[in-house]
Amino acid sequence: MNSLQRFSNACFCKNKDRPPVWLMRQAGRFLPEYRALREKHDFMTLLKTDELITEVSLQPWRRLHMDAVIVFADILLLPNVMGMELNFLEGQGPKFSKLIASQKDIDALKPVEPKKDIPFLLSALRNIRKEIKEDAALLGFAGSPWTVASYIMDDFENIGKKNPELLKNTLSRLTHETIVYLSAKVDAGVDAIQIFDSWGGVLSPEDYRVWSAPYIKEIVTALKKRGVPIILYVKESGPHLQTMIETGCDVISIGWETSLEEAKKKALGKTAIQGNFNPHILMQATPDEIRQQTQIMLKTMQDYPGYIANLGHGILPKTPVENVEAFIKSCQRSAVSFQQEKIKR
């Protein structure tokens, strides 16, 4: 079975082979070859050059052959192509020159025209597909409307109470543009989409059902018509598992603080589960300790046909390459031990 089949089967809870494995934020960060590129190019150049996107996306796969390649991009590329000036300042993270503070600001945003606005990204996706063929699934992604709004709105911490109508209108606009943006990635050949609701966990369960889940559900409903599986990631996912499932996503991707057993009880074998290895353990432990912890994680999920091995958050930049290799190889070698255990039973 090739990696694309294995990944697709797992997304739809039909996998009878070992779990597929990849890492969130695997493109770049921990690799010396990525850091070498960063010395030559600023971050925005990397984000908007098809050859560089292709190279960064493929670097970890060429080295470790994960079962999926996620395209190198950023969740803030969407508001950037909608007309918001974005800069990544060293040591300060992303900064927009002007934040959304009124309905006039929302109305001034440009509608996304993928062929015109992101040709570099669509070209990179086609280039990546040519190289990986069916030896890996190709993933596209976007931030959830709530998470993207948290970066682009002025006084975001108080906006829900001060001006809920403005927040609602911003989320609605982002939802519409995200559907257009992700649909273009499907047309370019991605095998699955991941929605990063990285800041969804800061909401109470009640607020999550108001401010995040409905907009994600709208995106999921639109994209499911395209036939690709949808993965929904929330870092502090524990209180939101049932609501995540109710969005209609095919896979819930959980944070490391959420137990796999708890996720299984909610998913009932009908929704796939991704995660939840602790990225701090991956960075700090020895390779032997990582292999042991990985086997514990895999054993918990060994009878679950919809499991994708991954981290509970993005890989940390200082993670040693040998630690990542220990995690990936441990997952990939699990098929033999799992088959032997099934035979014994």
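Residues numbered from 1 in each chain as written. Predicted model: local features only at pLDDT ≥ 70, side-chain atom pairs only at ≥ 80, totals over all residues. Heavy atoms only, no water.

Digging into the overall build of the protein chain
Logical step 1: If you tally the helices and strands in the protein chain, you get 19 helices and nine strands.
Logical step 2: Scaling as 2.2 N^0.38, a compact globule of 345 residues should have a C-alpha radius of gyration of about 20 Å, and the protein chain matches this with 19 Å.
Logical step 3: If you line up the protein chain on its principal axes, its C-alpha atoms span 65 × 45 × 35 Å.
Logical step 4: Each of the 345 residues in the protein chain was classed as buried or not, and the buried ones make up 57%.
Logical step 5: If you take every contact in the protein chain between residues at least 6 apart in sequence, the share linking residues at least 24 apart comes to 72%.
Logical step 6: When the accessible area of the protein chain is evaluated, it comes to approximately 14800 Å², of which 51% is carbon and sulfur surface. (Helix = DSSP H or I, 4+ residues; strand = E, 2+ residues; numbered from the N terminus. Rg over C-alpha atoms; globule rule 2.2 N^0.38 Å. Buried < 20%, exposed > 50% of the residue type's maximum accessible area, 1.4 Å probe, protein only. Contact = heavy atoms within 4.5 Å. Areas by Shrake-Rupley, 256 points an atom, 1.4 Å probe, with all protein chains shown as cover.)

Notes on a nonpolar patch on the surface
Logical step 1: Together, Tyr151, Trp199 and Val202 make up an exposed nonpolar region whose accessible area comes to about 280 Å².
Logical step 2: Along the chain, valine 202 falls in the loop between strand S5 (192-196) and helix H12 (205-211). (Patch = residues over 30% accessible without salt bridge, like charges linked within 9 Å, V, L, I, M, F, W, Y side chains within 5 Å. Salt bridge = Lys/Arg side-chain N within 4 Å of Asp/Glu carboxyl O.)

Side note on the packing of aromatic side chains
Between two aromatic rings, the relevant description is the distance of the centres plus the angle of the planes.
Logical step 1: On inspection of all chains with the given rule, the structure shows seven aromatic pairs.
Logical step 2: With centroids separated by 4.8 Å and ring planes inclined at 55°, the aromatic side chains of tryptophan 146 and phenylalanine 156 adopt a geometry described as tilted. Taken together, the residues span a long stretch of sequence, with tryptophan 146 in helix H9 (residues 145-152) and phenylalanine 156 in helix H10 (residues 156-162) at a distance of ten residues. The burial state of tryptophan 146 is the same as that of phenylalanine 156; both residues are buried.
Logical step 3: Taken together, the ring pairs connect Tyr34, Phe43, Phe72 and Phe88 into an aromatic cluster.
Logical step 4: The residue whose ring lies beneath lysine 185 is phenylalanine 141, and the NZ or CZ to ring-centre distance is 5.1 Å. (Phe/Tyr/Trp six-rings, centres within 6.5 Å; stacked < 30°, edge-to-face > 60°. Lys NZ or Arg CZ within 6 Å of the ring centre and 35° of its normal.)

A look at the pairing of S5
Logical step 1: Burial analysis of S5 places five of its five residues in the buried class, which makes it a mostly covered element.
Logical step 2: Residue alternation in S5 divides its side chains into two sets, Ala192, Gln194 and Phe196 and Ile193 and Ile195, and both sets are buried.
Logical step 3: Pairing analysis gives four bridges linking S5 to strand S6 (residues 230-234), with the strands arranged parallel. In the strand pairing of S6, glutamine 194 is matched with isoleucine 231. (Pairing = 2+ DSSP bridges.)

Some words on empty space enclosed by the protein
Logical step 1: Here the structure, examined in full by the defined rule, presents one cavity of 30 Å³ or more.
Logical step 2: In this structure, the largest cavity spans a volume of roughly 40 Å³.
Logical step 3: Lining the largest cavity are Asp74, Ile75, Leu78, Phe141, Ala142, Gly143, Val148 and Tyr181.
Logical step 4: It is strand S4 (residues 137-143) that contributes the most residues to the lining of the largest cavity, three residues altogether.
Logical step 5: When its residues are assigned to classes, the lining of the largest cavity shows six nonpolar, one polar and one charged. (1 Å grid on protein atoms, 1.4 Å probe; cavity = no way out; pocket = protein on both sides within 12 Å on 5 of 7 lines; lining within 4 Å. Points joined across faces, edges and corners; volume = space filled by probe spheres on them. Nonpolar A, V, L, I, M, F, W, Y, C, P; charged D, E, K, R; others polar.)

Topic: helix H1 (residues 3-11)
Logical step 1: Buried within H1 we find Ser3, Leu4, Arg6, Phe7, Ala10 and Cys11. Along the long axis of H1, the arc covered by the buried residues comes to 165°, so they all point the same way.
Logical step 2: Where H1 starts, the residue carrying a side-chain oxygen 3.1 Å from the main-chain nitrogen of leucine 4 turns out to be asparagine 2.
Logical step 3: Following H1 by one or two positions, cysteine 13 adopts a phi angle in the positive range, close to 55°. (Arc of directions from axis to C-beta. Polar contact = N/O pair within 3.5 Å; in protein donor to acceptor, adjacent residues only side chain to side chain.)

Topic: the packing of helix H2 (residues 32-40) against helix H4 (residues 50-64)
Logical step 1: Following both chains from N to C, one finds H2 and H4 inclined at 160°, their axes separated by 9 Å at the closest point. Judged by the angle between their axes, H2 and H4 are roughly antiparallel. Along this stretch, H2 crosses H4, giving a crossing that reads as right-handed. For the pair formed by H2 and H4, the contact residues are Pro32, Glu33, Tyr34 and Leu37 on the first element and Leu52, Glu55, Val56, Gln59 and Arg63 on the second.
Logical step 2: Partitioned by chemical class, the residues of the contact of H2 with H4 number five nonpolar, one polar and three charged. (Axes fitted to C-alpha atoms, helices over the stretch in contact; angles between N-to-C directions. Parallel < 35°, antiparallel > 145°, perpendicular 65-115°, else oblique. Left-handed = near helix turned anticlockwise from the far one by under 90°.)

Overview of the layout of surface pockets
Logical step 1: Here the largest pocket is characterised by a volume of approximately 1200 Å³.
Logical step 2: Only H2, helix H3 (43-47), strand S2 (86-89) and strand S3 (93-96) provide two or more residues apiece to the lining of the largest pocket.
Logical step 3: In terms of residues, the lining of the largest pocket owes the most to one element, H2, which gives four residues.
Logical step 4: Taken together, the residues of the lining of the largest pocket break down into 21 nonpolar, five polar and ten charged.
Logical step 5: Along the wall of the second largest pocket there are 19 residues; nearest its centre are Trp146, Phe156, Glu157, Asn158 and Val202.
Logical step 6: For the lining of the second largest pocket, the secondary-structure elements that each account for two or more residues are H9, H10 and H12.
Logical step 7: Considering each element in turn, the lining of the second largest pocket owes the most residues, six residues, to H10.
Logical step 8: Here the residues of the lining of the second largest pocket are counted per class, giving eleven nonpolar, four polar and four charged.

Here's the deal with the pairing of S4
Logical step 1: Of all seven residues that make up S4, seven are buried, and the element is covered over most of its length.
Logical step 2: Of the two faces of S4, both are covered, the one formed by Ala137, Leu139, Phe141 and Gly143 as well as the one formed by Leu138, Gly140 and Ala142.
Logical step 3: Bridge count between strand S1 (residues 68-70) and S4: three bridges; the pairing is parallel. What sits directly across from valine 69, in S4, is leucine 138.
Logical step 4: Direction of pairing for S4 relative to S5: parallel, over a ladder of five bridges. Note that in S5 the partner of alanine 142 across the bridge is isoleucine 195.

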